Amino acid sequence: MKKLFLDDVRTIEMVYDKSMEVEFDIVRTYQEFVHYIKTNGLPNYISFDNDLGLGEDGKVAPDGLAAAKWLVYESGLDLRNLKFKVHSANPVAAEQIRGLLNNYITHLKRTE
């Protein structure tokens, strides 16, 4: 089972048990997230942070919500079986990510 961890600073053991470290691939930016999925396909499980720091230009980088929006609106992937967790400390953004993905997955399952 492929698992992906999107976070700019946290390590796996800061969110999950250390023994789970080998189960995850880590990406630190929105761009790495998109590249990973385009290269490796959709993982079975994604753990989302929202706030991903600053980009190389010094401006706020695209965040976890942008990554979730890319999955829903641009990736063209079938997300019906996607499992995910939002581990962001930002409660508003965490709820936005959960809401977007849960609503879209529910919609896909209804239209089967």
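The structure reproduced in this document is the subject of the present report. Going along each chain's sequence as written, the residues are numbered from 1 onward. It should be noted that, the model being predicted, local features are given only for residues of pLDDT at least 70 and side-chain atom pairs only at 80 or more, the latter also being counted only at that level, while totals for whole chains, interfaces and linings use all residues. Side-chain numbers come from the whole structure's heavy atoms, not from hydrogens or water.

### A look at the overall build of the protein chain
So, step 1. Helix and strand counts for the protein chain stand at three helices and four strands.
So, step 2. When the helices and strands of the protein chain are listed from N to C terminus, the series reads β-β-α-β-α-β-α.
So, step 3. C-alpha atoms define the radius of gyration, and 2.2 Å times the number of residues to the power 0.38 defines the globule rule. A compact globule built from 112 residues should have a C-alpha radius of gyration of about 13 Å, and the protein chain, at 14 Å, falls within 12% of that.
So, step 4. With the principal axes as the frame, the protein chain shows a C-alpha extent of 40 × 35 × 30 Å.
So, step 5. Between buried and exposed lies partly exposed: a residue is buried under 20% and exposed over 50% of the maximum accessible area for its type, with that area taken using a 1.4 Å probe on protein chains only. Burial statistics for the protein chain: of 112 residues in total, 40% are counted as buried.
So, step 6. Contact definition: two residues touch when any of their heavy atoms are within 4.5 Å. For the protein chain, the proportion of contacts with a sequence separation of at least 24, taken over those separated by at least 6, is 62%.
So, step 7. Reported accessibility uses the Shrake-Rupley method at a 1.4 Å probe radius. Residues are deemed covered only where the shown protein chains occlude them. Accessible surface, the protein chain as shown: approximately 6,500 Å² in total, 50% of it carbon and sulfur.
So, step 8. Counted charges follow a simple rule, with Lys and Arg positive, Asp and Glu negative, and His plus the chain ends left uncounted. All charge positions are set by atom: Lys at NZ, Arg at CZ, Asp at CG, Glu at CD. Across the protein chain, the mean location of the 14 positive side-chain charges is 6 Å away from that of the 17 negative side-chain charges. Helix and strand labels come from DSSP, where a helix needs a run of H or I of at least four residues and a strand needs a run of E of at least two; each type is numbered from the N terminus.

### Re the environment of glutamate 74
So, step 1. In this fold, glutamate 74 is placed in helix 2 (residues 64–74).
So, step 2. A relative accessible area of 59% places glutamate 74 in the exposed class.
So, step 3. Sequence separation of glutamate 74 and asparagine 103 is 29 residues, and the distance between their C-alpha atoms is 16 Å.

### With respect to helix 3 (residues 91–110)
So, step 1. Each helix should span, by expectation, one fewer than its residue count multiplied by 1.5 Å. In this model, helix 3 (20 residues) spans 28 Å end to end at C-alpha, consistent with the 28 Å of a helix rising 1.5 Å per residue.
So, step 2. Along helix 3, the residues classified as buried are Ala93, Ala94, Ile97, Leu100, Leu101, Ile105 and Leu108. Looking straight down helix 3, one finds that the buried residues subtend no more than 135° of arc, so they occupy a single side. For helix 3, exposure combined with an orientation more than 90 degrees from the buried face picks out Pro91, Val92, Asn103 and Arg110.
So, step 3. The opening residue of helix 3, the one whose side-chain oxygen lies 3.3 Å from the backbone nitrogen of valine 92, is asparagine 90. Relevant arc is that of directions from the helix axis to the C-beta atoms, nothing else. The term polar contact refers here to a pair of N or O atoms within 3.5 Å; inside protein, the definition further demands a hydrogen-donor-capable atom paired with an acceptor-capable atom, and it admits residues adjacent in sequence only when both atoms are side-chain atoms.

### Details of the sheet that holds strand 4 (residues 83–86)
Two modes of strand pairing occur in sheets, parallel and antiparallel, and in both the strands are linked by backbone hydrogen bonds.
So, step 1. Whether two strands pair depends on DSSP finding at least two bridges between them. If you walk across this open sheet you meet the four strands as 2-1-3-4, and the pairing is parallel. Either end of the sheet is taken by a strand with one partner, and the two such strands are strand 2 (24–27) and strand 4. Direction aside, neighbouring strands of the sheet carry axes that sit 15° apart on average.
So, step 2. In this structure, strand 1 (residues 3–6) lies alongside strand 2, joined through four bridges in parallel fashion. Looking at strand 2, one finds that lysine 3 is bridged to phenylalanine 24. The axes used here are C-alpha line fits, helices contributing only the stretch in contact, and every angle between their N-to-C directions lies in the interval 0 to 180 degrees.

### Structural notes on the pattern of salt bridges
So, step 1. The working definition used for a salt bridge is a side-chain nitrogen of Lys or Arg within 4 Å of a carboxyl oxygen of Asp or Glu. Taken as a whole, this structure holds seven salt bridges when the rule is applied.
So, step 2. Between arginine 10 and aspartate 49 there is a salt bridge; the shortest N-O distance is 3.2 Å. Highlighted residues: arginine 10 in the loop between strand 1 and strand 2 and aspartate 49 in the loop between strand 3 (45–48) and helix 2, separated in sequence by 39 residues.
So, step 3. By relative accessible area, aspartate 49 is classed as buried at 4%.

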